[in-house]
Amino acid sequence: MGIPLVDLQSQYLDIRDEVLAAFDEALTGMQLNLGPNVQAFEEEWAEFCGVRHAIGVGNGTEALNLLLQAHRIGPGDEVITVAFTFIATLEAILQVGATPVMVDIDPETMCIAPEEVGEKITPRTRAIIAVHLYGQPADMQALAEVVGDRDIRLLEDAAQAHGATCRGRPAGSLADGAAFSFYPSKNLAAYGEAGAITTDAREIDDTVRHLRVHGSREKYVHRLVGYNSRLDELQAAVLRIKLRRLADWNEARRRHARRYSEQLAGIDGLQLPVEREWARHVYHVYTVRSPRRDEIAEALEAEDIGYAIHYRVPCHLQEAMADLGCGPGSLPETERAAAEVISLPMYPELTNEQIDRVCEVVRSVLE
Ligand SMILES: Cc1ncc(COP(=O)(O)O)c(C=O)c1O
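The structure displayed is predicted, hence computed values, not measured ones.

**Q** Looking at this model, I keep getting lost on the sheet that holds strand β7 (residues 169-170). Mind explaining?
**A** Consider a sheet: its strands pair through backbone hydrogen bonds, and that pairing is either parallel or antiparallel. Pairing within the open sheet is antiparallel, and its three strands lie in the order β7-β6-β10. For this open sheet the edge positions go to β7 and β10 (279-280), each flanked by a neighbour on one side alone. Looking at chain direction, strand β6 (residues 165-166) and β7 are connected through two bridges and run antiparallel. In the strand pairing of β7, Cys166 is matched with Arg169.

**Q** Which parts of the structure should I look at to understand the site of the ligand?
**A** Lining the immediate surroundings of the ligand are 14 residues, of which Gly60, Thr61, Ala88, Ala159 and Ser181 lie closest. Where the shell around the ligand is concerned, the elements lending two or more residues are α3 (60-70) and α4 (88-95). Of the residues belonging to the shell around the ligand, the class tally is five nonpolar, eight polar and one charged.

**Q** Got a minute to help me understand the pairing of strand β4 (residues 125-131) in this structure?
**A** Counting buried positions along β4 yields seven of seven residues, so the element is predominantly enclosed. Relative to β4, strand β2 (residues 78-82) runs parallel, the two being bridged by three bridges. Residue pairing in the sheet places Glu78 in a bridge with Thr125 of β4. In terms of strand pairing, β4 meets strand β5 (residues 153-157) through five bridges, oriented parallel. Considered in β5, the bridge of Val131 is made with Asp157. Crossover β4 to β5 through helix α6 (residues 140-147) is right-handed.

**Q** Help me understand helix α9 (residues 293-302), please; the structure alone is not making it clear to me.
**A** Since the α-helix advances by 3.6 residues per turn, residues separated by three or four positions end up pointing in the same direction. Inspection of α9 places Arg293, Ile296 and Leu300 among the buried residues, and these make up the whole buried set. Within α9, the buried residues cover an arc of 60 degrees as seen down the axis, which keeps them to one side. Every exposed residue of α9 that faces more than 90 degrees away from the buried side is listed here: Glu295, Glu298 and Ala302. Those residues of α9 that are buried lie in contact with α10 (332-340), β12 (341-344) and α11 (352-366).

**Q** Sorry if this is basic, but what is going on with the sheet that holds strand β8 (residues 178-181) here?
**A** Pairing in this open sheet of seven strands is mixed, and the strands run β1-β9-β8-β5-β4-β2-β3 from one edge to the other. A strand with exactly one partner marks an edge of an open sheet, and here the two such strands are β1 (53-57) and β3 (99-103). Within the sheet, the average angular offset between the axes of one strand and its neighbour, ignoring direction, is 25 degrees. In this structure, β1 lies alongside strand β9 (residues 195-199), joined through five bridges in antiparallel fashion. Counted as the bridge partner of His53 is Thr199 from β9. Contacting β1 and β9, helix α7 (residues 202-211) runs over the sheet at an angle of about 15 degrees to β1.

Procedures and definitions
Residues numbered from 1 in each chain as written. Predicted model: local features only at pLDDT ≥ 70, side-chain atom pairs only at ≥ 80, totals over all residues. Pairing = 2+ DSSP bridges. Helix = DSSP H or I, 4+ residues; strand = E, 2+ residues; numbered from the N terminus. Near = placed C-beta within 6 Å. Nonpolar A, V, L, I, M, F, W, Y, C, P; charged D, E, K, R; others polar. Buried ≥ 20, exposed ≤ 12 C-beta atoms within 10 Å, placed from the backbone. Right-handed = clockwise from strand over helix to strand, strands pointing away. Arc of directions from axis to C-beta. Contact = placed C-beta atoms within 7 Å. Axes fitted to C-alpha atoms, helices over the stretch in contact; angles between N-to-C directions.

This is how it looks when you write it as structure tokens:
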């Protein structure tokens with residue numbers, strides 16, 4: 001039997017009765033427009049993230065977009081971020097009319113390298129989006145020090161980091177606002193599209209609540225030109241059920257990561273995930289690096305073991321970003337990482353036997 005990269009079915013079977021009962025209750029109540037589950041989830045998610053406000057929206061990409069708009073970032077503004085991320089981070093910046101400025105990564109954590117940020121700051125820089133890649137928080141303290149007292153917003157793309165912490169504080173509470181995705185494979189995941197914004201700022205909360213419903217908080221009164229980006233009531237019902245298990249699921253991911261790292265330690269040419277002493281990594285994915293990545297991928301495939309490359313083509317080299325003019329060689333650490341990373345199977349229900357089997361295949365290639 002093969003081993004999938006993620007196994008959403010086995011998790012569903014564990015919670016099926018609760019999910020079906022919650023769907024039945026929501027559909028019987030028929031309050032489907034920002035109904036009781038959305039309201040309750042927003043309170044529960046704010047509490048989990050240690051912030052005053054959480055606003056449910058349509059998906060993670062729209063969460064980033066609305067967060068930027070709520071901070072009044074638009075045409076003429078520059079936003080510093082990484083190219084080593086899912087393209088949505090860049091799309092959101094471009095969608096609001098701002099200009100992305102991409103910086104290189106720390107080759108150990110694969111998150112933004114704070115020391116690269118300073119020289120990219122210009123008088124037009126209005127925000128920095130730090131991506132907590134793979135489930136590891138970016139070094140927000142170092143970024144805050146680089147920004148100093150300049151009028152630059154520090155924002156989190158926390159789409160992969162539900163429950164991660166930086167110096168004891170949860171992702172989502174580390175800056176001037178954060179965007180989450182609850183895409184079906186995330187650590188906290190809906191059964192469809194869903195996202196959220198978290199913030200301590202009341203005016204950001206209020207603006208996002210307007211923007212997500214056609215610029216309106218009072219029926220047929222439109223203060224702003226907005227969007228239709230509500231969190232769906234049925235998805236909120238699922239998220240509430242799963243949120244009660246998120247801490248245990250993240251613990252399981254961390255246990256699996258430890259086992260992987262113990263079994264894969266000491267192999268020449270294999271770089272394992274690094275967890276900074278101030279960070280709590282939640283292993284959305286377990287990603288290793290090797291110059292022989294393609295051989296590892298081939299061997300896993302031959303054994304029917306799932307894997308993924310996050311990300312084979314970094315954003316600055318995507319055809320869609322050609323206008324930004326960042327050619328090959330402009331972000332050397334990013335480009336090296338893109339050539340070397342490979343993500344191994346990771347989900348809470350993974351068994352020790354499965355991990356051992358994956359490690360055996362990886363070792364057989366490199367030893
Ligand atoms: C880092 C990152 N940012 C943004 C997104 C966009 O989220 P969504 O797919 O919910 O739009 C994702 C995931 O899909 C992501 O991994």
